[in-house]
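# Remarks on the overall topology
One-letter residues, chain by chain:
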Amino acid sequence: MGQILRDRLKQSHFKSAFQEATLNVLVTADYLKEKIEKLCSENGITAQQYNVLRILKGAHPNGHPRREILSRMIERSPDATRLIDRLEERELVERTVSETDKRLSITKITAKGLEIVNRMAAPIEALDHHLFSQISPEEAETLSSLCEKIYGQQNNIKTFDNQS
């Protein structure tokens, strides 16, 4: 097992099955990210921008405050404000002041933003189908379950900085 990874990394063995699994997850994530980035690029946006637009489409027409968008992102952005600024400059989102808390800014997807997300729906679905045509729905469920097992306890894991 792991010959494809060994060939890809030009490495004959791994220290443990856990190291091999970690490397496989990282290589797979990079592969999937590359495919998504290409699709997003063809639509003039980045994967992080698509993620924000997808989140806001789900909240349409109400929108979300910045912290809520950030909490729902696949890859957390350290500078969500600039990310949203760039989307606003392109008129893909708009910001309004909350009616209940004047200190809170609410970001909403615009018609132009919805158009991009809707245009990308079919290609994203086709990409999902193509990428996962190699595994069964049961295997996909197992993969999801295993991934959640790894990152699901992230708040309980000591960071490398705290291990001293």
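Throughout this document, residue positions are counted from 1 along each chain, in the order its sequence is written. A pLDDT threshold of at least 70 governs which residues receive local features in this predicted model, and a stricter bar of 80 or more applies before side-chain atom pairs are shown or counted, although totals over entire chains, interfaces and linings include all residues. Note: side-chain values were computed over all heavy atoms of the structure, leaving out hydrogens and water.

### A closer look at the layout of surface pockets
A 1.4 Å probe that fits but cannot get out identifies a cavity on a 1 Å grid over protein atoms alone, an open set with protein on both sides within 12 Å along at least five of seven lines counts as a pocket, and a residue lines either if it has an atom within 4 Å of a point. Grid points are joined across faces, edges and corners, and a volume is the space filled by probe spheres set on the points. Of the voids in this model, the largest pocket is the one considered here, and its volume is about 2600 Å³. As for the largest pocket, its lining consists of 47 residues, and the residues nearest its centre are Val25, Thr28, Ala29, Leu32 and Cys147. Here a helix means four or more residues in a row that DSSP labels H or I, a strand means two or more in a row labelled E, and each is numbered from the N terminus. Residue assignment for the lining of the largest pocket shows that the elements contributing at least two residues are helix H1 (3–9), helix H2 (17–42), helix H3 (47–58), helix H6 (111–131) and helix H7 (137–151). Among the elements that make up the lining of the largest pocket, the one with the highest residue count is H2 (15 residues). For the lining of the largest pocket, the per-class residue count stands at 26 nonpolar, 12 polar and nine charged. Under the grouping applied here, Gly and all other residues not named as nonpolar or charged are polar, the nonpolar ones being Ala, Val, Leu, Ile, Met, Phe, Trp, Tyr, Cys and Pro and the charged ones Asp, Glu, Lys and Arg.

### What about the pairing of strand E3 (residues 105–109)?
For two strands to be treated as a pair, DSSP must find no fewer than two bridges joining them. As paired strands, strand E1 (residues 64–65) and E3 are joined by two bridges and run antiparallel to one another. Bridging across to E3, Pro65 finds its partner in Ile106.

### Remarks on the nonpolar core
Counting residues in hydrophobic clusters, the biggest one holds 24 residues, and the most contacted among them are Ile45, Tyr50, Val52, Leu53, Ile69 and Met120. What makes two residues a contact is simply this: any of their non-hydrogen atoms within 4.5 Å. Residue contacts for Ile69: discarding those within four places in its chain leaves Val52, Ile55, Leu56, His64, Ile84 and Thr107. We call a set of buried Ala, Val, Leu, Ile, Met, Phe, Trp, Tyr and Cys residues a nonpolar core when their side-chain atoms join them within 4.5 Å. Per-residue accessibility, obtained with a 1.4 Å probe over protein chains only, is compared with the maximum for each type, and a residue is labelled buried under 20%, exposed over 50%, and partly exposed between these values.

### Some remarks on the sheet that holds strand E2 (residues 93–97)
Here we have three strands laid out as an open sheet, ordered E1-E3-E2, and antiparallel in their pairing. Since the sheet does not close on itself, it has two edges, and those belong to E1 and E2, each with one partner. Along the sheet face, H3 touches E1, E2 and E3 and points at about 95 degrees away from the line of E3. Every axis in this analysis is a line fitted to C-alpha atoms, fitted for helices over the stretch in contact. Angles between the N-to-C directions lie between 0 and 180 degrees.

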